[in-house]
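What the coordinates show
Here's the letter readout for the chains.
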Amino acid sequence: MVGTGIFATPATIVELSGSVGLSLFIWVIGMIIAGTGMMTYLEFGTGIPRNGGEKNYLEYVYRKPKFLITAMYAGYVVLLGWAGSNSVIFGEYILNAANVEVDRWNQRGVGLACITSAFLIHGLALKWGLRLQNLLGTIKLFILLLIIVSGFVALGGHLKVEKPNNFSNAFEGTTGSAYGIVTALYNVIWSYIGYSNANYALSETKNPVQTLKRAAPAALTLVSILYMLTNIAYFAAVPKAEIISSGRIVAATFFRNMFGVRAERALSVFVALSAYGNVLSVIFSQGRLVQEVAREGILPFSRLWSSNKPLNAPFMGLFEHWLVSVIIMLAPPPGDAYNFILNVISYPLSVINVFVSAGLIHLYLNPFSIHRSPQTWNPPVRATLPVVAFFLLSNIYLVIAPFVPPSEGQNVYDSLPYYLHCVVGIGILLAGAVYWLFWAQLLPRVGGYELVRENTVGSDGWSNNVFVRKPIVKA
């Protein structure tokens, strides 16, 4: 669940909020939103314990028009490159460790090598990829604990630089614009985004209901404590202005102020390795999600994308996510790549969460339907109506507020329109709807057939859906 956001986003959050106090408050609000989201997904996950995550929950609630919600979700899965942002962070920390000035192409060149190697490791040696992923996850926790312990030392005044005293007037410089707060919240929520990862692989989890009930709250509680202590550690050792100027390598700046330049470079390597572990984790989960969507039969060449050949790994699903991640990583102008990737992923996720939470409220009000399976909504875990309503309202705010023009100097981008990620995010969801319009509506009407979904078992033993064109017999 711990991603690279805690190493890369604090500077942006401080810059957008304007003060140490408000930035910490935004981290608390983000934690609460993540907690309500975790409870919402926990209820859905224990009620529908299958692979696929929110795809299953949306299909369970929004059954008409037929296949529309599946097609829109497929556009979201296929057209977004989640692993790109972590690859950018890997590049920045590796170049910082090598004392090489970061520019547009060396950063992305290292990032490209990072994501390509992660794709090949998981595609060709899946077991070793998972082992490496777990090892690097351990390194990530070690780095966080090192920062936290060092932060307590910094509070005592033991630094290589003058003590910053960020807490003496914590709310000095506060700027509370709607755009700044919502963009800062996107950065916080990005750091917590792994709270629903387990929902994508519940069919492969032993005792999924009990595992999810215990693991999800425990993981979110632990990560929340680690994140808050890590932020306090940053503020204990690095002046506010220096945090803002450090950009996405605030952890490296922290190490320099605590241990000196040599330690900064050495420990930057470990931060880069933790980012690489996150790339491995993200490309694996998203590759599997592409495979799951393909198994629904809704994508062109679905059998190709759903295959486990040649080495019993989702190679083509991984390839698709690698390709989109590379395009999204290379396309934005210098300085904007990381923020654009983060926001263009977070925005449509907020749109989806609006429908997920609204769908759960609908199930509270209408628990029985003969057209659903199961017909009665009675999961072993309940998020409760107030929790789900808070999650819904939070995501409505996250969807609407980014369209409010930012104050001068608050645009998170250097050379892109402030609303671009919103337009692209909505466009990705609408691309799925346009595909549905042609594939499921116009072509069947012109061709005189209807689409019928049938289940088959492939040569690899996995179950897949295929759509058969059944001619419509006119009376």
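What this report covers is the structure whose coordinates are included nearby.

1. Here's the deal with the pattern of salt bridges
Evaluation of the coordinates by the stated rule reveals 8 salt bridges. Put simply, E296 and K55 hold a salt bridge, and the shortest N to O gap is 3.3 Å. Taken together, the residues span a long stretch of sequence, with E296 in the loop between α13 (261–295) and α14 (302–306) and K55 in helix α4 (residues 54–61) at a distance of 241 residues.

2. Brief notes about unusual backbone geometry
Here K309 and P310 are connected by a cis peptide whose omega angle stands at 5 degrees. Tracing the backbone through its elements, the reader meets P310 in the loop between α14 and α15 (315–330). Cis geometry marks the peptide bond from S373 to P374; its omega dihedral reads 5 degrees. Tracing the sequence through the fold places P374 in the loop between α16 (337–365) and α17 (385–400). A positive phi angle, close to 50 degrees, is found at N207, a residue other than glycine. Take N207: its relative accessible area is 52%, and that puts it in the exposed class.

3. Brief notes about the nonpolar core
Counting 149 residues, the largest nonpolar core has F7, F44, Y73, Y76, W82, Y93 and F254 as the members making the most contacts within it. Counting residues per element, this core draws most heavily on α16, at 16 residues.

4. Here's the deal with the packing of helix α2 (residues 10–17) against helix α9 (residues 178–191)
The interhelical angle for the contact between α2 and α9, taken along N-to-C directions, is 165 degrees, at an axis separation of 9 Å. The orientation of α2 relative to α9 falls into the category roughly antiparallel. Between α2 and α9 the crossing geometry is left-handed. On the side of α2, the interface is formed by T12, I13 and L16, while α9 contributes G180, T183, A184, N187 and V188. Its residues placed into classes, the contact of α2 with α9 shows 4 nonpolar, 4 polar and no charged.

5. Some remarks on helix α6 (residues 83–97)
Its 15 residues place the ends of α6 21 Å apart at the C-alpha level, agreeing with the 21 Å of an ideal helix rising 1.5 Å per residue. The element α6 is largely enclosed, with a buried count of 14 among its 15 residues. N99, located one to two residues past α6, shows a positive phi value of around 60 degrees.

Calculation criteria
- Residue positions within a chain follow its written sequence, with the count starting from 1.
- Owing to the predicted nature of the model, reporting of local features is limited to residues with pLDDT of at least 70; listing and counting of side-chain atom pairs is limited to 80 or more, with chain, interface and lining totals taken over all residues.
- Each side-chain value is worked out from all heavy atoms of the structure, with water and hydrogens disregarded.
- What counts as a salt bridge is simple: a side-chain nitrogen of Lys or Arg found within 4 Å of a carboxyl oxygen of Asp or Glu.
- Under the scheme used here, helices are H or I runs from DSSP no shorter than 4 residues and strands are E runs no shorter than 2 residues, and both carry numbers assigned from the N terminus.
- Whether a residue is buried, partly exposed or exposed follows from its accessible area with a 1.4 Å probe, protein chains only, as a fraction of its type maximum: under 20%, in between, or over 50%, in that order.
- The criterion is simple. A nonpolar core is a set of buried Ala, Val, Leu, Ile, Met, Phe, Trp, Tyr and Cys residues joined through side-chain atoms within 4.5 Å.
- Inter-axis angles, ranging from 0 to 180 degrees, are taken between N-to-C directions of lines fitted to C-alpha atoms, where helices are fitted over the stretch in contact.
- Convention used here: angles under 35 degrees read as roughly parallel, angles over 145 as roughly antiparallel, angles from 65 to 115 as roughly perpendicular, and any remaining angle as oblique.
- Each helix crossing is assigned a hand: it is left-handed if the near helix lies turned anticlockwise from the far helix by less than a right angle, otherwise right-handed if that turn is clockwise.
- The contact definition used throughout considers only heavy atoms, calling two residues in contact when any of these lie within 4.5 Å.
- As a working rule, the residues Ala, Val, Leu, Ile, Met, Phe, Trp, Tyr, Cys and Pro are called nonpolar, Asp, Glu, Lys and Arg charged, and the rest polar, with Gly in that last group.
- One fewer than the residue count of a helix, multiplied by 1.5 Å, yields its expected span.

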